[in-house]
Amino acid sequence: MDGEKGQAPLVAECFANIKCRVADTTLVAPYSLFLLEPVRAWTDPSQPAPRLFHHRGDGTFTLDGPTIDLQDRMTKWQYLL
């Protein structure tokens, strides 16, 4: 599947896709951070009740229920913790 504008492909396995444009790059050098602006969103109507995967910060994730702790894999900024 291709996005309506531009050439970005939609990820068929995802129940929702959000197409963004880079809105601001001033924080790239100091923080490796891009600010994005959503341009368009798509949802898959064949998945009326998709399971959600949430990043909770600090290396922990939730998959519609129990918390998955992946803190030991979050290594880039470990010196800040």
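Residues numbered from 1 in each chain as written. Predicted model: local features only at pLDDT ≥ 70, side-chain atom pairs only at ≥ 80, totals over all residues. Heavy atoms only, no water.

This next bit is on the sheet that holds strand S3 (residues 53–57). Taken in spatial order, the three strands line up as S3-S4-S5 in an open sheet, and their pairing is antiparallel. If you trace the sheet from one side to the other, it starts and ends with S3 and strand S5 (67–69), each paired once. Geometrically, the sheet is characterised by an average inter-axis angle of 30 degrees between neighbouring strands, direction not taken into account. Both strand S4 (residues 60–63) and S5 contribute to a ladder of three bridges, which runs antiparallel. Note on S5: the bridge partner recorded for Phe61 is Ile68. (Pairing = 2+ DSSP bridges. Helix = DSSP H or I, 4+ residues; strand = E, 2+ residues; numbered from the N terminus. Axes fitted to C-alpha atoms, helices over the stretch in contact; angles between N-to-C directions.)

This next bit is on the confidence of the model for the protein chain. Considering every residue of the protein chain, the mean pLDDT works out to 80; 80% of them sit at 70 or more. Across the protein chain, element-level confidence peaks in helix H1 (residues 28–31) with a mean pLDDT of 93 and bottoms out in S5 with 76. (pLDDT = per-residue confidence, 0-100.)

A word on the packing of aromatic side chains. Under the criterion given, the structure shown has one aromatic pair. When the centroid spacing of 5.1 Å and the interplanar angle of 15 degrees are considered together, the rings of Phe53 and Phe61 count as stacked. Given the relative accessible area of 53%, Phe53 is considered exposed. The buried category is assigned to Phe61, whose relative accessible area is 10%. (Phe/Tyr/Trp six-rings, centres within 6.5 Å; stacked < 30°, edge-to-face > 60°. Buried < 20%, exposed > 50% of the residue type's maximum accessible area, 1.4 Å probe, protein only.)

Located in the positive-phi region is Ser32, a residue other than glycine, with phi close to 55 degrees. Among the structural elements, Ser32 can be located in the loop between H1 and strand S2 (35–43).

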